[in-house]
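Fold and geometry: a report
Next come the chains, spelled out residue by residue.
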There are 4 protein chains.
Amino acid sequence: MIRVGVVGATGYAGEELLALLLRHPKVKITSVTAKIDKVQPISVIFPKFANRIDLLCKEPEVEEIAHECDLVFLALPHTVSMEIVPALMGAGKTVIDLSADYRLKDIKQYEKFYNTVHKDVPRISTAVYGLPELYRSRIKKAKLIANPGCYPTVSILSVAPLLEAKLIDIGSIIIDAKSGVTGAGRKLAEGFLFSEINEDFKAYKINNHQHSPEINQELSNVAGTKVEVIFVPHLLPLNRGILATIYTKKAQGKTAKAAGKDSVISVYKKFYAKEPFVRIKEEGSFPRLKDVAGTNFCDIGIKEDDNSIIIVAAIDNLLKGAAGQAVQNMNIIAGLDEMTGLA
Amino acid sequence: MIRVGVVGATGYAGEELLALLLRHPKVKITSVTAKIDKVQPISVIFPKFANRIDLLCKEPEVEEIAHECDLVFLALPHTVSMEIVPALMGAGKTVIDLSADYRLKDIKQYEKFYNTVHKDVPRISTAVYGLPELYRSRIKKAKLIANPGCYPTVSILSVAPLLEAKLIDIGSIIIDAKSGVTGAGRKLAEGFLFSEINEDFKAYKINNHQHSPEINQELSNVAGTKVEVIFVPHLLPLNRGILATIYTKKAQGKTAKAAGKDSVISVYKKFYAKEPFVRIKEEGSFPRLKDVAGTNFCDIGIKEDDNSIIIVAAIDNLLKGAAGQAVQNMNIIAGLDEMTGLA
Amino acid sequence: MIRVGVVGATGYAGEELLALLLRHPKVKITSVTAKIDKVQPISVIFPKFANRIDLLCKEPEVEEIAHECDLVFLALPHTVSMEIVPALMGAGKTVIDLSADYRLKDIKQYEKFYNTVHKDVPRISTAVYGLPELYRSRIKKAKLIANPGCYPTVSILSVAPLLEAKLIDIGSIIIDAKSGVTGAGRKLAEGFLFSEINEDFKAYKINNHQHSPEINQELSNVAGTKVEVIFVPHLLPLNRGILATIYTKKAQGKTAKAAGKDSVISVYKKFYAKEPFVRIKEEGSFPRLKDVAGTNFCDIGIKEDDNSIIIVAAIDNLLKGAAGQAVQNMNIIAGLDEMTGLA
Amino acid sequence: MIRVGVVGATGYAGEELLALLLRHPKVKITSVTAKIDKVQPISVIFPKFANRIDLLCKEPEVEEIAHECDLVFLALPHTVSMEIVPALMGAGKTVIDLSADYRLKDIKQYEKFYNTVHKDVPRISTAVYGLPELYRSRIKKAKLIANPGCYPTVSILSVAPLLEAKLIDIGSIIIDAKSGVTGAGRKLAEGFLFSEINEDFKAYKINNHQHSPEINQELSNVAGTKVEVIFVPHLLPLNRGILATIYTKKAQGKTAKAAGKDSVISVYKKFYAKEPFVRIKEEGSFPRLKDVAGTNFCDIGIKEDDNSIIIVAAIDNLLKGAAGQAVQNMNIIAGLDEMTGLA
């Protein structure tokens, strides 16, 4: 059994991690911590865990955590993770960090979009971006995983095959993404009150979201050249899930056939042939949130027109977009079947 | 034109008052105030009012309000109203107070349920409880209206005819009420975040809600003897509306016929015969929130069984349960047709 | 491995059964059938099962099902189950029927409330009502389980301890129940369209619901005398869950202490001491749907006042109220740990 | 008073028309008709209209309607309107048709996208496309209004100023639109059941929606050359409203300044300077559905980047996208203030 700890257990991602880890046959949760007013059973904070786990939720103390755990998940807000990662790694622990603190290799982008000074710069380059579909072999050996953001996960998985096959005009990528509200975390702000969001819908941070540089970084890696997408997120009046509609222009003269393929769909099917959590829809079928909610799957549908390729993709933002992918990464590191506890 | 002011314009009830008053043909909004960080147009705070009103929303100053308005609506939190009422009334203004501050005649009940000391006790007895269906003639001459709470409005309208006709066992009244989320106001608390309420439902303040003494006070007045109901509110995952299901036992030996009526429905129809905003459903038909949302109506359905009478009633908590009833009271005071601006 | 079949796999309960059984470590789904227009993979009908199950969904043929399965779940509409049960049982199969066809021992009540003639009367008396908390020992040996209705499950679990301890006036029980929309099944009726239910709430079948006789039958069994409850169901604008608020009057002179207990809560705790799926809340705490949604738990909270005892209880209507309880029953029959596949 | 009739009163657009017309000070509803099983009061079909209107809803009879009305609104399904328009116009009535039957000038496009043969071809060219912001002077004199579709209304209003000012690459327009469920009408299909849509989100008719040719037709008119947009609609889990996010590439070398303007926002402000129902947001502000729901406004926000202009626009699909715009057209035809009954 892997002894695991969850730091930041009271947020939505932390709650979801607990739910997953409680069902995981190879894991024992040994530490549950968070910024809290008073120590109390995690089953009192989340009554849904009553009769299922009897650990206390305490303030995180690195030494205690290091003593109790082999692997630690950090479900902390951005800028808080980097305050605890050095000590945990110093104690020899494997860390899977769900925050953005170690995702961006370009420190300037991080400091611009997260509006802070990075306090652990040298470690950034050692962190592995935890998207198994691109970096599985590196994840296997990683000690520090920068678990991808929710929007980047669905965006990168959607566009990578097109870039690798050089099917599209690199400057043409437009990502129109729509996310459920848990994506914002358990944040106390008027804009997240029920009566504000219910029966409402809006765009926000239009082409200025902190996940843009993360998407650009990873798509540039795939393309081997600089990629800059247009990215507009929207807020859906529902709890879970991201659906992204992605518009691209075909590279001039380039067709799937020119790339030696039957169709764009076949390009995707080949790219993800061995992936347990990516499902490519047949022609004419497209994803809906309901099919991925509560799962670790990313569903991708493809519409090829004369000049454009439109991709529609969906994930559960708390699972493949956060806690589920974190557990997938843990499984890879631990040498387990990647679907353990996730099917 | 009546020159009116709204104090507390940035809450849900205040917002709703503005929407109603903007459509009211006999009213000119001359003052819009609230506790705010900086003075700005109300149409910036609520973009939906853009192109419709160009007043600034300022901090409330009694002298200024008194100068600009004939009648003032207070859409303030409980305990805040009583701090401004004395000065406004001292300046000769008519005040319609949507808070609970002047509703309870028993000061001990007020201080117990609102957990504060009342600062304007003598004025309580001069305030008129603003339920037109019971107190229209007194409202006409009132200078201070204690506008009823949302739960009490639907509860009192539902039970009053049964008590007046002495059809039920007075000790048997059980009110199971379900309210939309705007009933709680624009309150910044974790429990009111979208992801907490969406797809959830729960009871709260079980038989211990601050609206219980208000319901008991008014039903006791109708019955001419002390009435104590069991009252359990619940929180619905929707924006607007209250639906109450009310269980009563028939008084022994008492039937509608014994009371000289064809049916319980006919008792209700007679009781509300001249009321523009109470609609009694035909036998076998019952209210739903959709039919009253956005209106000032109270819809009431009746199910008579051998031993029990079950009432189902619905209102829009922001209209008949707050802002709409306040405007209805203003219309009465001003000698206007009661439906003006409300139909 | 138990080879199981699901008949009626395309409804909400069938879909939920598949989801549960796919995760169950001791089960192999060998047959998936439903009334359908054409044979196709169940993973095409429900794309969320893609990559997880590759069976075809066919029209049910008893001989084929009997050949492929040890145990068969029937997730069929009422009146349809009794057409297939005789043949399946004739073939020696264990049947867990989620419909109402074998629940009511009083054939007249069945025929009145389900508006049909029963076609398999003799078998009714052999069926075991599948509520493990009351009938576990009989379930162990059963060949035909009448899996309880969703409203009855939460109602019976809520009231049984009070009746057994004789704490309440038997004629005083009022059950005000609120259910999510999946409780109605995948029914094509205008009243179940999104725009009709969203932002709406209403009561229906007021004290006239087909689950009333089922509740009365089982509570009468517990009380050892005839019990008739008042039961009013309501429709919540959400997918999953039932919350019931239950009002009872204390038996005169009867208190928990008189019954030799510290408190009503302790009566419940003792009654359900060994039950894996019933959680009694501490004093002052009450259930919410979120805590039971997606689980097989029934959460129960208790409010004792001078003259009344109010119970608030919650289940997931598709799990403890249907598919989850069916799997719990299967576990009992198969001699497995009762929580297998359900935790 | 204008005597008006509503044909197709039982659909969502018809219901909305009734609500608007009941509040309209210059209108008397004299006829309410629909395909129905039996004649009954419209206030029984829609209990929310109880105490407000006492007309019977009957099957439409042209002679009767022509006798009772000066102006007739048709809130009928596509292909049904054209069966009744000739007779109504033959009787000299002014007709405002909310269906698509007279919108498309290119008969082939109509027949392809609506999958039917047009039965009243000659009259198409006489119909005026009822978008006041483009065709006010023609609407004034029209006898037959083809009231625009909901998606086309928001799309055309969003893009027209860019095309007129020649600021964008005509081939670059991508419209990612998200609509509430009432947009689909009161249609009995599994896909519109509450449990299917609640907590779900999806794209549909990807770049193949029947509103595409309507958008293309009108934008081509504005541009003076053929425009073909990419248009992808999505279904939001809420009742009312469309929000569209529109991506365009700036015309090479073309800037707002080059067009003699300060900014793209100023281009919009000038274009809509006299429009009562179009509100242009200030820089950095963008529409949300809540601000337009229940109103006839179209709110438009603009984001100008180096190479792209992104427009976010919102309307209420049942008002500016259907019934509200129909009343606006009636006001224009009748020579009334355009906001009468709509503010």
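Residues numbered from 1 in each chain as written. Chains lettered and ligands numbered in written order. Predicted model: local features only at pLDDT ≥ 70, side-chain atom pairs only at ≥ 80, totals over all residues. Heavy atoms only, no water.

Looking now at the interface of chain D and chain B. Taken together, the contact between chain D and chain B spans 18 residues of the former and 18 residues of the latter. Carbon and sulfur atoms make up 45% of the area that chain D and chain B hide from each other, which totals about 1400 Å². When the area that chain D buries against chain B is broken down by residue, the three leading residues are Lys48(D), Asn51(D) and Arg279(D), summing to 28%. Seen at the junction of chain D and chain B, the total is 0 salt bridges. Inspection of the chain D/chain B interface yields 7 residue pairs in polar contact (both at pLDDT 80 or more). For the side of chain D that touches chain B, the secondary structure elements donating two or more residues are β13 (278-280) and α12 (289-292) of chain D. For the side of chain D that touches chain B, the class distribution of residues is 7 nonpolar, 3 polar and 8 charged. (Contact = heavy atoms within 4.5 Å. Buried area = accessible area lost by both parts, 1.4 Å probe. Salt bridge = Lys/Arg side-chain N within 4 Å of Asp/Glu carboxyl O. Polar contact = N/O pair within 3.5 Å; in protein donor to acceptor, adjacent residues only side chain to side chain. Helix = DSSP H or I, 4+ residues; strand = E, 2+ residues; numbered from the N terminus. Nonpolar A, V, L, I, M, F, W, Y, C, P; charged D, E, K, R; others polar.)

With that settled, consider the interface of chain A and chain D. Facing the 39 residues of chain A at the interface are 39 residues of chain D. When the two sides are added together, the surface that chain A and chain D hide from each other amounts to roughly 3000 Å², 59% of it contributed by carbon and sulfur. Of all residues in chain A, the largest losses of buried area upon contact with chain D belong to Glu199(A), Phe201(A) and Ile206(A), amounting jointly to 20% of the total for that side. Viewed at the interface, chain D and chain A are joined by 6 salt bridges. Here Arg288(D) and Asp200(A) are joined by a salt bridge, their closest N and O atoms 2.7 Å apart. Summed over the shared surface of chain A and chain D, the number is 26 residue pairs in polar contact (both at pLDDT 80 or more).

This part is about the packing of aromatic side chains. A full pass over the atoms with the stated rule returns 26 aromatic pairs over all chains. The ring centre of Phe297(A) lies 3.7 Å from the NZ or CZ of Arg279(A), which sits over that ring. (Phe/Tyr/Trp six-rings, centres within 6.5 Å; stacked < 30°, edge-to-face > 60°. Lys NZ or Arg CZ within 6 Å of the ring centre and 35° of its normal.)

Let us look at the sheet that holds strand β6 (residues 94-97) of chain A. All names here are of chain A. On the basis of which strands lie adjacent, the open sheet formed by 8 strands has the order β3-β4-β2-β1-β5-β6-β8-β7 and mixed pairing. At either end of the open sheet lies a strand with only one pairing partner, and these are β3 (40-41) and β7 (128-129). Across the sheet, helix α13 (residues 323-333) touches β1 (2-7), β2 (27-33), β5 (71-74), β6 and β8 (144-146), and the angle it forms with β6 is around 155°. (Pairing = 2+ DSSP bridges. Axes fitted to C-alpha atoms, helices over the stretch in contact; angles between N-to-C directions.)

All right, on to a positive patch on the surface then. A cluster of like positive charges, contributed by Lys105(A), Arg138(A), Lys140(A) and Lys141(A), occupies part of the molecular surface. Residue placement: Lys141(A) occurs in the loop between α7 (132-140) and β8. (Patch = residues over 30% accessible without salt bridge, like charges linked within 9 Å, V, L, I, M, F, W, Y side chains within 5 Å. Areas by Shrake-Rupley, 256 points an atom, 1.4 Å probe, with all protein chains shown as cover. Lys, Arg positive; Asp, Glu negative; His and termini not counted. Charge placed at Lys NZ, Arg CZ, Asp CG, Glu CD.)

The next thing to look at is the relation of the copies chain D and chain B. Take chain D, turn it by 180°, move it 0.0 Å along the axis, and it overlays chain B with an RMSD of 0.0 Å. Such a turn and shift between the copies fits a two-fold axis. When C-alpha positions in chain D are compared against the rotation axis, the closest is assigned to Glu199(D), at 4.4 Å. Here 100% of the contact residues of chain D are again contact residues in chain B; the copies associate through an equivalent surface. (Least-squares fit on C-alpha atoms with pLDDT ≥ 70 in both.)

The subject of this paragraph is the sheet that holds strand β5 (residues 71-74) of chain B. Residue and element names in this part refer to chain B. Read across the sheet, 8 strands follow the order β3-β4-β2-β1-β5-β6-β8-β7 without closing on themselves; strand pairing throughout is mixed. The outermost strands of the open sheet, each flanked by one partner alone, are β3 (40-41) and β7 (128-129). Sheet topology note: the strand β2 (residues 27-33)/strand β4 (residues 56-58) ladder contains 2 bridges and is parallel. Within β4, the residue paired with Thr 33 across the bridge is Lys 58.

Residue and element names in this part refer to chain D. Residues Pro 132, Glu 133, Tyr 135 and Ile 139 constitute the buried set of helix α7 (residues 132-140). One side of α7 holds all its buried residues, which, seen down the axis, span an arc of 130°. Tucked inside the fold, the buried residues of α7 contact β7 (128-129), β8 (144-146), α8 (150-164), α10 (212-223), β13 and α13 (323-333). (Buried < 20%, exposed > 50% of the residue type's maximum accessible area, 1.4 Å probe, protein only. Arc of directions from axis to C-beta.)

Most of the time, phi is negative for any residue but glycine, and the peptide bond is trans. Residue and element names in this part refer to chain A. Here Asn 115, not a glycine, exhibits a phi torsion of approximately 55°, which is positive. Structurally, Asn 115 can be placed in the loop between α5 (107-113) and α6 (121-124). When its relative accessible area of 70% is taken as the criterion, Asn 115 is described as exposed.

Let us look at helix α11 (residues 264-271) of chain C. Residues and elements named next belong to chain C. The set of residues buried in α11 consists of Val 264, Ile 265, Val 267 and Tyr 268. Considered in projection along α11, the buried side chains sweep an arc of 155° and stay on one side of the axis. Packing partners of the buried residues in α11 comprise α8 (150-164), β13 (278-280), β14 (298-304) and β15 (308-315).

A few words on the side chain of Asn296(D). Residues and elements named next belong to chain D. By the secondary structure assignment, Asn 296 is in the loop between α12 and β14 (298-304). For Asn 296, the side chain forms a polar contact with the main-chain nitrogen of Lys 320, separated by 3.2 Å. Within the structure, Asn 296 has its side chain in polar contact with the backbone nitrogen of Gln 325 (distance 3.4 Å). Look past the residues within four positions of Asn 296 in its chain and what remains in contact with it is Phe 277, Leu 319, Lys 320, Gly 324, Gln 325, Gln 328 and Leu 342.

For the rest of this paragraph, the subject is the relation of the copies chain A and chain D. Laying chain A over chain D is done by rotating through 180° and shifting 0.0 Å along the axis; what remains is an RMSD of 0.0 Å. Residue by residue, 100% of the interface of chain A is reproduced at the interface of chain D, so both copies engage with the same surface.

A few words on the environment of Ala326(A). All names here are of chain A. You can see Ala 326 is positioned in helix α13. Residue Ala 326 is classed as buried on the basis of its relative accessible area, which comes to 0%. The spatial distance from the C-alpha of Ala 326 to the C-alpha of Asp 291 is 20 Å, given a sequence separation of 35 residues. Apart from the residues lying within four places of it in its own chain, the contact partners of Ala 326 are Leu 17, Phe 73, Ile 96, Leu 98 and Asn 147.

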